[in-house]
Amino acid sequence: METRTVVSEFTGTALLVLFGVGSLVLAGDYINAVGISLAFGFILIALAYAFGRISGCHINPAVTLGMLLAGRIDIRRAAEYWVAQLVGGIVGAAVLFLLAKQVPRLRTDDAFGSNGYGGRSPVGLGAGGAFLAEVLLTFLLVFVFLMVTQQVTLAGIEPVPVGLALAAVNLVGIPLTWTSVNPARSLGPALFAGGGALSQLWVFLIAPLVGGVLAAVVHRFTHLHPAGQAEEEQATEPRPGPWGRMRGGHRPEAGGPEAKGPEAA
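Given the structure is predicted, the values throughout are model-derived calculations rather than measurements. (Residues numbered from 1 in each chain as written. Predicted model: local features only at pLDDT ≥ 70, side-chain atom pairs only at ≥ 80, totals over all residues. Heavy atoms only, no water.)

Q: If you had to explain the overall build of the chain to someone new, which residues and values would you point to?
A: Tallying secondary structure elements over the chain gives nine helices and zero strands in all. Reading the secondary structure of the chain in the N-to-C direction produces α-α-α-α-α-α-α-α-α. Within the chain, the fraction of its 265 residues that count as buried is 47%. Sequence-distant contacts, at least 24 apart, represent 75% of the contacts inside the chain between residues at least 6 apart. (Helix = DSSP H or I, 4+ residues; strand = E, 2+ residues; numbered from the N terminus. Buried < 20%, exposed > 50% of the residue type's maximum accessible area, 1.4 Å probe, protein only. Contact = heavy atoms within 4.5 Å.)

So, in structure tokens, the structure goes:
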């Protein structure tokens, strides 16, 4: 186990739940759906800049599954990430729960930023609709993640489109299911909310993983080369220079006609 990457995934997921779900639990009445969506997007961008070069800042089991199916990581690293993410989500929710209990008259039972459908959905979306919505929203998030990254890490401006994608899916998903797209984000709050949040949790554990699989499948069709292979081929494949020389100053193999430059004409 590489300690740095596991600790990064644990810490990143805990902070995502603390500040992302915290924006809903503690400030939802003041910032509404747009503010909550931006909070999720901004915290993901910040965390990606902090941890992206270490672990890739997946902080989401669905993203890790997509990376696994895309051949970016192996099953052992994926399993380490999943454990770190789920535990991190629970710890982040526990810290948020302690903070929420300090706020007078703040309800946490069967609420606490948990996801839901039916009577627990703002628009009354049923279980089937919630499942479909979470699959599609997670597909977008994971697909963007796979598109903008070359290997595992997030670098340069890559965190920005990923964060914008998370903000966008929250804008659409909050009125439907309170937006999961992340089993670790759903698990922690549901454990402390109890009641219907736990009985409906299965949708928000399974649907995001299905969305991650779908994103990896589509990504295979849109990108013929495995990650980094095209770049490696371009770097290693010899190409003729402007005067018929091969890269590195080598001429074509002996026996073939050597291209001549204008000075030899």
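Next comes the rest of the account.
Q: Describe empty space enclosed by the protein, with residues and values.
A: Under the criterion given, the structure shown has two cavities of 30 Å³ or more. When its volume is computed, the largest cavity comes out at roughly 140 Å³. If you trace the largest cavity, you find 18 residues lining it, with Leu 16, Asn 60, Leu 141, Leu 166 and Asn 182 closest to the centre. Listed by contribution, the elements that provide at least two residues to the lining of the largest cavity are α1 (3-51), α4 (127-148) and α5 (159-177). The class makeup of the residues in the lining of the largest cavity is eleven nonpolar, six polar and one charged. Here the second largest cavity defines a volume of roughly 30 Å³. Every residue lining the second largest cavity is listed: Leu 24, Ile 36, Phe 40, Asn 170, Ile 174, Trp 178 and Arg 185. Where the lining of the second largest cavity is concerned, the elements lending two or more residues are α1 and α5. Considering each element in turn, the lining of the second largest cavity owes the most residues, three residues, to α1. Its residues placed into classes, the lining of the second largest cavity shows five nonpolar, one polar and one charged. (1 Å grid on protein atoms, 1.4 Å probe; cavity = no way out; pocket = protein on both sides within 12 Å on 5 of 7 lines; lining within 4 Å. Points joined across faces, edges and corners; volume = space filled by probe spheres on them. Nonpolar A, V, L, I, M, F, W, Y, C, P; charged D, E, K, R; others polar.)

Q: I'd like to hear about the packing of aromatic side chains, residue by residue, with values.
A: Applying the stated criterion across every chain, the model contains five aromatic pairs. On the numbers, 5.6 Å between centres and 85 degrees between planes, the contact of Phe 97 with Phe 112 is edge-to-face. Placement of Phe 97 in helix α3 (residues 75-100) and of Phe 112 in the loop between α3 and α4 is noted, with a sequence separation of 15 residues between them. Residues Phe 112 and Phe 192 carry aromatic rings whose centres are separated by 6.3 Å and whose planes lie at 65 degrees to one another, so their mutual orientation is edge-to-face. With Phe 112 in the loop between α3 and α4 and Phe 192 in helix α6 (residues 183-193), this residue pair connects regions lying 80 residues apart in the sequence. An aromatic cluster of three or more residues is present, and its members are Phe 97, Phe 112 and Phe 192. (Phe/Tyr/Trp six-rings, centres within 6.5 Å; stacked < 30°, edge-to-face > 60°.)

Q: Which residues make up the confidence of the model for the chain, and what values go with them?
A: For the chain, per-residue confidence averages 87 on the pLDDT scale, and residues scoring 70 or more make up 84% of the total. Ignoring residues within four places in sequence, the model shows residues 233-237, a span with pLDDT below 50, making three contacts including any to other chains. Here residues 241-265 is a poorly scored stretch, pLDDT under 50, and it has 19 contacts once near neighbours within four places are set aside; other chains count. (pLDDT = per-residue confidence, 0-100.)

Q: Tell me about the side chain of Ser 180, residues and numbers included.
A: Along the chain, the position of Ser 180 falls in the loop between α5 and α6. Residue class for Ser 180 comes out buried when judged on its relative accessible area of 3%. Side-chain polar atoms of Ser 180 contact the side chain of Ser 186, separated by 2.5 Å. What Ser 180 contacts, discounting residues up to four positions off in sequence, is Asn 115, Glu 134, Arg 185, Ser 186, Phe 204 and Pro 208. (Polar contact = N/O pair within 3.5 Å; in protein donor to acceptor, adjacent residues only side chain to side chain.)

Q: Tell me what's going on with the layout of surface pockets, and back it up with residues and numbers.
A: Counted as a void, the largest pocket has a volume near 520 Å³. Around the largest pocket sit 19 residues that line it, and Leu 24, Val 25, Asp 29, Ala 111 and Trp 178 are the ones nearest its centre. Considering only residue class, the lining of the largest pocket consists of eleven nonpolar, three polar and five charged.

Q: Which residues make up unusual backbone geometry, and what values do they have?
A: Residues other than glycine seldom take positive phi values, yet Ile 59 does so here, at roughly 40 degrees. If you trace the backbone, Ile 59 turns up in the loop between α1 and α2 (61-69). In this structure Ile 59 comes out as buried when scored by relative accessible area, which is 1%. Residues other than glycine seldom take positive phi values, yet Phe 112 does so here, at roughly 55 degrees. Given a relative accessible area of 2%, Phe 112 falls into the buried group.

Q: Describe the nonpolar core, listing the residues and the values that go with them.
A: Ranked by size, the top nonpolar core spans 50 residues in total, and within it Leu 16, Leu 47, Cys 57, Met 67, Phe 112 and Leu 166 carry the most contacts. Elements supplying a minimum of two residues to this core: α1, α2, α3, α4, α5, α6 and α8 (201-222). Residues in contact with Leu 16, not counting those within four places in the same chain, are Val 21, Phe 40, Ile 43, Leu 47, Ile 59, Leu 166 and Asn 182. (Core = buried A, V, L, I, M, F, W, Y, C linked by side-chain atoms within 4.5 Å.)

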